[in-house]
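Architecture and fold: a report
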Amino acid sequence: MSPVTPQLRRLYATTLPFGIACGISIGLTAVHLNRLGYSKDSIGFLALFFGAGLVAFALPVGAIIRRFSAERVLSASLVGYAGCLAAFPFAKTFAQVAGVRFVDGLFTIGIWVSSETVLLAQARKEHKAYLTTLYAIWLASGYVAGPLMATGMDRFVPATVSFGVAALFALSAGLYVALKMPPAPPVEGASADEETEGEKGSELSAATILWRIKTSCFASFSYGYFQAAVVIFLPLYLIESKGIPENRTIVLPGLFCLGMMIFSNVAGRVADRVGHLRAVRVLSFIGLCCVAGFIYADNYWLMLAIVFGTGGSFASMSPVALALTGVIVEPRDYSRANSIYNMFYAAGILSGPLVASQIFQRLGGVAMLYHHVAMWAAFVLFTVIFMYDDPAARRRRDAKDVNDPDPTGLPGGAAG
């Protein structure tokens, strides 16, 4: 029996056009604002309004999902996102652009949380990471296709048409969800967590959920922080510190996505077998080494290989961390858990460029990379300290205790 349920097939079919819409928007937003006369500082400041929208709506969307269902919220969020895309090229003043970007963030976080709630509820625990990585691959495929389409359209049509095309992709996804994805109950065996008698049948508090998924939240924050900062500053570092021509840095985002698309599904399959937190730890350590490699590598082709490896590790780690959330909490708490998880991701997106820019400006690109290495080292240590947050690690510990109840290993116990 295929682990991909009909509801998941519909979700994947929705994810690709949403990714394309996002990719077109990402590819054209800065270019469009630059043509309107906005400075680089102003463009960066406007991005904060998008991040603020993400953070502001991250927690409320969980309550809305519990009231109306993840599928209905997904449909409404996609339609709202389409409206933001269509309105964006008509916004001229700073206040208008900031307002559209803020509302864009509201609907985007609604799409993320509701999509992931459907995803985790429809994925059995033994295939959780495999199915979350499939979702990530569909999304990344749209992120790759969207900028390519944006590049072609930018040569021949005005921004209103290009953003209108992106809006049509998002609108079609929203209508598809409304017509073809009715609310569906969670599949049997979606969670692997062991509940106490007092917890069964009752919702956990937000504080309890946060404590249980703290390793996933730290992973989500770290990835959002790294992703948002490195997209902006890694090309600048390579240009200024390594002497790489500007036109040779354009391939970096594509290589990052390619690494993720090739390795993430393999990482998901392995994580479902060995434990999600263990896989997150290993992938994060590999990514940490890749980031450190930028400091010491000087050969252009070696640096491209490092970018590819960074995508294969960090970008593959993200959906596995989401799967970890899915096996820790019960399906009834998925909407709130995903809200908390995505709030940390949004906080990383919001804070990463701000902190990295200050370090880069004051101390240089090498210090900026070292601070990323330090953050990931702290996260790897965190996953060691809280390794038993993963039900798979607890099962291994309990099985070891059953097979060897005497920790001394001596016949007859310690007294013997």
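Our subject is the structure that appears above.
Quantities reported herein were computed from a predicted structural model and do not represent experimental measurements.

1. Comments concerning the overall build of the protein chain
Of regular secondary structure, the protein chain possesses 15 helices and 0 strands. Each principal axis of the C-alpha atoms in the protein chain carries an extent, and together these give about 80 × 55 × 35 Å. For the protein chain, buried positions account for 53% of its 416 residues. Counted over contacts in the protein chain with a minimum sequence separation of 6, partners at least 24 positions apart contribute 87%. Surface exposure of the protein chain reaches about 18200 Å², of which carbon and sulfur atoms provide 68%. If you average the places of the 31 positive and of the 25 negative side-chain charges in the protein chain, the two averages end up 6 Å apart.

2. Re unusual backbone geometry
The phi dihedral of Ser-69 falls on the positive side, at around 95°, and the residue is not glycine. Mapped onto the elements, Ser-69 comes out in the loop between α3 (60-68) and α4 (70-87).

3. As for the pattern of salt bridges
Applying the stated criterion to the full structure yields 7 salt bridges. Between Asp-333 and Arg-336 there is a salt bridge, with its nearest N and O atoms 3.2 Å apart. Given the relative accessible area of 15%, Arg-336 is considered buried.

4. Examining the environment of Ile-340
Within the fold, Ile-340 resides in helix α13 (residues 334-363). Classification of Ile-340 by relative accessible area gives buried; the value is 6%. Taking the C-alpha atoms as reference points, Ile-340 and Phe-285, 55 residues apart in sequence, are found 24 Å from one another. Excluding its chain neighbours within four sequence positions, the residues that come into contact with Ile-340 are Leu-59, Ala-206, Ile-209, Leu-210, Ile-213 and Cys-217.

5. Points about helix α11 (residues 276-296)
Across its 21 residues, α11 extends 31 Å between first and last C-alpha, which sits within 8% of the 30 Å expected from 1.5 Å per residue. In terms of residue burial, α11 counts as a mostly covered element, since 15 of its 21 residues are buried.

6. Section: the environment of Ala-356
With respect to the helices and strands, the residue Ala-356 is situated in helix α13. For Ala-356, a relative accessible area of 0% gives the class buried. The spacing of Ala-356 and Gly-110 is 246 residues in sequence and 27 Å in space, taken between C-alpha atoms. Other than its neighbours up to four places away in sequence, Ala-356 contacts Tyr-225, Ala-229, Phe-233, Met-368, His-371 and His-372.

7. Details of α3
Within α3 the residues assigned to the buried category are Val-61, Gly-62 and Ile-65. One face of α3 carries all of its buried residues, which in axial projection span an arc of 105°. Two residues or fewer after α3 comes Ser-69, characterised by a positive phi angle close to 95°.

8. Observations concerning the packing of helix α9 (residues 214-242) against helix α14 (residues 365-385)
Remark: α9 packs on α14, axes separated minimally by 11 Å, with the N-to-C direction vectors making an angle of 165°. With respect to α14, the axis of α9 lies roughly antiparallel. In terms of crossing hand, the pair formed by α9 and α14 is left-handed. Contact residues: α9 offers Lys-214, Thr-215, Phe-218, Ala-219, Ser-222, Tyr-223, Tyr-225, Phe-226, Ala-229, Val-230, Phe-233 and Tyr-237, while α14 offers Gly-365, Val-366, Met-368, Leu-369, His-371, His-372, Met-375, Trp-376, Ala-378, Phe-379 and Phe-382. Across the contact of α9 with α14, the residue classes tally to 17 nonpolar, 5 polar and 1 charged.

9. Section: the packing of aromatic side chains
Counting across every chain of the model gives 20 aromatic pairs. Judged by centre distance (6.3 Å) and plane angle (75°), the rings of Phe-226 and Trp-376 are edge-to-face. Placement of the pair is Phe-226 in helix α9 and Trp-376 in helix α14, with a sequence separation of 150 residues. Accessibility expressed as a relative area gives 2% for Phe-226, which makes it buried. Residue Trp-376 is classed as buried on the basis of its relative accessible area, which comes to 0%. Three or more aromatic residues joined by ring pairs form one cluster here, namely Trp-211, Phe-218, Phe-226, Phe-314, Trp-376, Phe-379, Phe-382 and Phe-386. Residue placement shows Lys-214 over the ring face of Trp-211; its charged tip is 3.7 Å from the ring centre.

Here is what the cut-offs are and how they apply
- Every chain is numbered independently, its residues counted from 1 as its sequence is written.
- Restriction of local features to residues with pLDDT of at least 70 applies here, the model being predicted, together with a cutoff of 80 or more for giving and counting side-chain atom pairs; totals for whole chains, interfaces and linings are based on all residues.
- No hydrogens and no water enter the side-chain calculation; it runs on all heavy atoms of the structure.
- Strands here mean DSSP runs of E at least two residues long; helices mean DSSP runs of H or I at least four residues long; both are numbered from the N terminus.
- Under the scheme applied here, a residue whose accessible area is under 20% of the maximum for its type counts as buried, over 50% as exposed, and between as partly exposed, the area being computed with a 1.4 Å probe on protein chains only.
- Should any heavy atoms of two residues lie within 4.5 Å, those residues are counted as being in contact.
- For the area figures, the Shrake-Rupley method with a 1.4 Å probe applies, and any residue is considered shielded solely by the protein chains shown.
- His is not counted, nor are the chain ends; Lys and Arg add positive charge and Asp and Glu add negative charge.
- Lysine's charge is taken at NZ, arginine's at CZ, aspartate's at CG and glutamate's at CD.
- In the sections that follow, a salt bridge refers to a side-chain nitrogen of Lys or Arg positioned within 4 Å of a carboxyl oxygen of Asp or Glu.
- In this scheme, a helix's expected span is set at 1.5 Å multiplied by one less than its residue total.
- By definition, the arc is the one covered by directions from the helix axis to the C-beta atoms.
- Axes here refer to lines fitted to C-alpha atoms; in helices the fit is confined to the stretch in contact. Angles between the N-to-C directions go from 0 to 180 degrees.
- Under this scheme an angle from 65 to 115 degrees is roughly perpendicular, one under 35 degrees roughly parallel, and one over 145 degrees roughly antiparallel; angles in between are oblique.
- Crossing handedness is read from the near helix: turned anticlockwise from the far helix by less than a right angle, it gives a left-handed crossing, and turned clockwise, a right-handed one.
- Under the scheme applied, nonpolar residues are Ala, Val, Leu, Ile, Met, Phe, Trp, Tyr, Cys and Pro; charged residues are Asp, Glu, Lys and Arg; polar residues are all the others, including Gly.
- Aromatic pairs are defined between Phe, Tyr and Trp rings, using the six-membered ring for Trp, whenever the two ring centres lie within 6.5 Å; interplanar angles under 30 degrees are classed as stacked, those over 60 as edge-to-face, and all others as tilted.
- By the criterion adopted, a ring carries a charge over it if an Arg CZ or a Lys NZ lies within 6 Å of its centre and within 35 degrees of its normal.

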